[in-house]
2 protein chains.
Amino acid sequence: MTLPLSNTLQDYLEAILILTEQDEAVRISDLAQLLGITKPSVTEGVKALAAQGLLRHEKYGPVFLTAEGEKMATEVRHRHLVLKQFLINVLGVSPALAEKDACLMEHAVSSDTVARLVQFMEKRLQES
Amino acid sequence: MTLPLSNTLQDYLEAILILTEQDEAVRISDLAQLLGITKPSVTEGVKALAAQGLLRHEKYGPVFLTAEGEKMATEVRHRHLVLKQFLINVLGVSPALAEKDACLMEHAVSSDTVARLVQFMEKRLQES
DNA sequence: CAAAAGTGTTAGGACATCCTAACTTTTAAA
DNA sequence: TTTAAAAGTTAGGATGTCCTAACACTTTTG
């Protein structure tokens, strides 16, 4: 049913989620700018995501995540945020580098590892 | 001069390093098996690495890392090992999953973050 | 409301990586 | 030493992701 999404398309979902929460409507142009790619590329990616039922998009219109798409986007962002917090608060990595690393690592870590990172940081807070 | 290698080609280098240390000669077939891809794909990848001066390969012969190739391979493996140790010893991830996660994460973490992970684990050992 | 500016799409192509099928070379065994 | 098995290569094709150029639609604004 739901095949695993490529890293690239996960990035699209995450970007759409972020834009959804700050703008009213998410446009192809906004995505292109945030993702740092051209509009034709975004159009293509959006088409693929729509074909998987992860978002809704009508020609020349804005983009909306479906429930399933939002769920996946939220998971990706969760991984991103957990990793970033770990890098900054535990390792002392600079925020800018943490952001960069987290962008890549979010596609590499398993759910189990993320859950353990969360646990680890909680325990660490209690102990201090 | 040295353009950044793709994740795929970094994996090739790492595999060659591992095989180099356990067998006398590294063959295309060995690599194909270890990487889980077909021989034609390996032939192609090896050609690309040879073109970048990272390994030496004559038709129908074995594969040898150059000094530069070995250096890069060692770096990749270092990232891999540091991550794996962290996952197992600090987070308590199972060895099998740690291996899997490290395989992907090794292409995502910056040198700075790896260095900090090492530091973190050293400090942690001293404190215990 | 017409024209300019902005937004989105289509077409066509590049590149990396993988594959299968068919062929060649090398190695090993009868 | 010839032949069968194994190893390696080549050719040709698929897929995913990106691009530029050109075109189509929409929005803004004079």
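Okay, so let's go over this structure. Note that the structure is predicted; figures quoted are calculated from it, not measured.

Reading the values: the criteria
Residues numbered from 1 in each chain as written. Chains lettered and ligands numbered in written order. Predicted model: local features only at pLDDT ≥ 70, side-chain atom pairs only at ≥ 80, totals over all residues. Heavy atoms only, no water. Axes fitted to C-alpha atoms, helices over the stretch in contact; angles between N-to-C directions. Helix = DSSP H or I, 4+ residues; strand = E, 2+ residues; numbered from the N terminus. Parallel < 35°, antiparallel > 145°, perpendicular 65-115°, else oblique. Left-handed = near helix turned anticlockwise from the far one by under 90°. Contact = heavy atoms within 4.5 Å. Near = heavy atom within 4 Å. Polar contact = N/O pair within 3.5 Å; in protein donor to acceptor, adjacent residues only side chain to side chain. Nonpolar A, V, L, I, M, F, W, Y, C, P; charged D, E, K, R; others polar. Buried area = accessible area lost by both parts, 1.4 Å probe. Salt bridge = Lys/Arg side-chain N within 4 Å of Asp/Glu carboxyl O. Buried < 20%, exposed > 50% of the residue type's maximum accessible area, 1.4 Å probe, protein only. Arc of directions from axis to C-beta. Least-squares fit on C-alpha atoms with pLDDT ≥ 70 in both. Phe/Tyr/Trp six-rings, centres within 6.5 Å; stacked < 30°, edge-to-face > 60°. Core = buried A, V, L, I, M, F, W, Y, C linked by side-chain atoms within 4.5 Å.

### What about the packing of helix 6 (residues 111-127) of chain A against helix 4 (residues 67-91) of chain B?
Packed helix pairs are characterised by how far apart their axes lie and by the angle those axes make with each other.
At step 1: Contact geometry for helix 6 of chain A and helix 4 of chain B: axes closest at 11 Å, N-to-C directions at 50 degrees. Considering the angle they form, helix 6 of chain A stands oblique to helix 4 of chain B. The way helix 6 of chain A lies across helix 4 of chain B gives a crossing that is left-handed. From helix 6 of chain A, Thr113(A), Arg116(A), Leu117(A) and Phe120(A) reach across to helix 4 of chain B, where they touch Phe86(B), Leu87(B), Val90(B) and Leu91(B).

### Details of the protein's contact with DNA strand D
At step 1: Lining the immediate surroundings of DNA strand D are 18 residues, of which Ser6(A), Ser41(A), Arg27(B), Ser29(B) and Thr43(B) lie closest.
At step 2: The sugar-phosphate portion of DNA strand D accounts for 70% of its atoms within 4 Å of the protein, the bases making up the rest.
At step 3: Within the side chain of Ser6(A), one N or O atom sits 2.4 Å away from a phosphate oxygen of DNA strand D.
At step 4: Between Ser41(A) and DNA strand D, the recorded distance is 2.7 Å, taken from a side-chain N or O atom to a phosphate oxygen.
At step 5: When residues of the surface near DNA strand D are traced back to their parent elements, those giving at least two are helix 1 (7-22) and helix 3 (39-51) of chain A together with helix 2 (28-35) and helix 3 (39-51) of chain B.
At step 6: Considered class by class, the residues forming the surface near DNA strand D number seven nonpolar, seven polar and four charged.

### Concerning the interface of chain A and chain B
At step 1: Contacts between the two partners involve 19 residues from chain A, matched on the other side by 19 residues from chain B.
At step 2: Roughly 1,600 Å² of surface becomes buried between chain A and chain B when both sides are summed, with 69% attributable to carbon and sulfur atoms.
At step 3: Its largest share of buried area at the contact with chain B, chain A owes to Leu91(A), Ala108(A) and Arg116(A), together 31% of the area lost on that side.
At step 4: At the junction of chain A with chain B, the criterion picks out zero salt bridges.
At step 5: At the junction of chain A with chain B, the criterion picks out eight residue pairs in polar contact (both at pLDDT 80 or more).
At step 6: Of all the elements in the fold, those that place two or more residues in the side of chain A that touches chain B are helix 4 (67-91), helix 5 (95-105) and helix 6 of chain A.
At step 7: A total of five residues in the side of chain A that touches chain B trace back to one element, the largest contributor, which is helix 6 of chain A.
At step 8: Residues belonging to the side of chain A that touches chain B are distributed by class as follows: twelve nonpolar, four polar and three charged.

### Points about helix 2 of chain B
Residue and element names in this part refer to chain B.
At step 1: If you check which residues of helix 2 are buried, you get Ile28, Leu31 and Ala32. Taken end-on, helix 2 shows its buried residues confined to a sector of 100 degrees, consistent with a single buried face.
At step 2: On the buried face of helix 2, the contacting elements are helix 1 (7-22), helix 3, strand 1 (55-57) and strand 2 (63-65).
At step 3: In the segment just after helix 2, Gly36 is the residue with positive phi, at about 75 degrees.

### Details of the relation of the copies chain A and chain B
At step 1: In the superposition of chain A on chain B (RMSD 0.0 Å, axial shift 0.0 Å), the rotation amounts to 180 degrees. Each copy turns onto its partner about a two-fold axis. Closest approach to the rotation axis within chain A is made by the C-alpha atom of Met105(A), at a distance of 2.9 Å.
At step 2: When you check the interface residues of chain A against chain B, 100% turn up at the interface there too, and the contact is symmetric in its surfaces.

### Focus on the packing of aromatic side chains
At step 1: Applying the stated criterion across every chain, the model contains four aromatic pairs over all chains.
At step 2: Ring geometry for Phe86(A) and Phe86(B): centres 5.5 Å apart, planes at 50 degrees, overall tilted. In this pair, Phe86(A) sits in helix 4 while Phe86(B) sits in helix 4, so the two residues belong to two different chains. The exposure classification of Phe86(A) matches that of Phe86(B), with both residues buried.

### Quick word on the protein's contact with DNA strand C
At step 1: The immediate surroundings of DNA strand C are formed by 18 residues, with Arg27(A), Ser29(A), Ser6(B), Thr38(B) and Ser41(B) found nearest.
At step 2: Backbone atoms, meaning sugar plus phosphate, form 65% of the atoms of DNA strand C positioned within 4 Å of the protein.
At step 3: Within the side chain of Lys39(A), a nitrogen or oxygen atom sits 3.4 Å from a base nitrogen of DNA strand C.
At step 4: When residues of the surface near DNA strand C are traced back to their parent elements, those giving at least two are helix 2 (28-35) and helix 3 of chain A together with helix 1 and helix 3 of chain B.

### Let's talk about the nonpolar core
At step 1: Membership of the largest hydrophobic core comes to 34 residues, with the highest contact counts inside it found for Phe86(A), Leu91(A), Phe120(A), Phe86(B), Leu91(B) and Phe120(B).
At step 2: When neighbours within four sequence positions are excluded, Phe120(B) is seen to be in contact with Val90(A), Leu91(A), Phe120(A), Phe86(B) and Val90(B).
At step 3: One finds Leu5(B), Leu13(B), Ile28(B) and Leu49(B) within the second-largest nonpolar core, a separate group that totals 21 residues.

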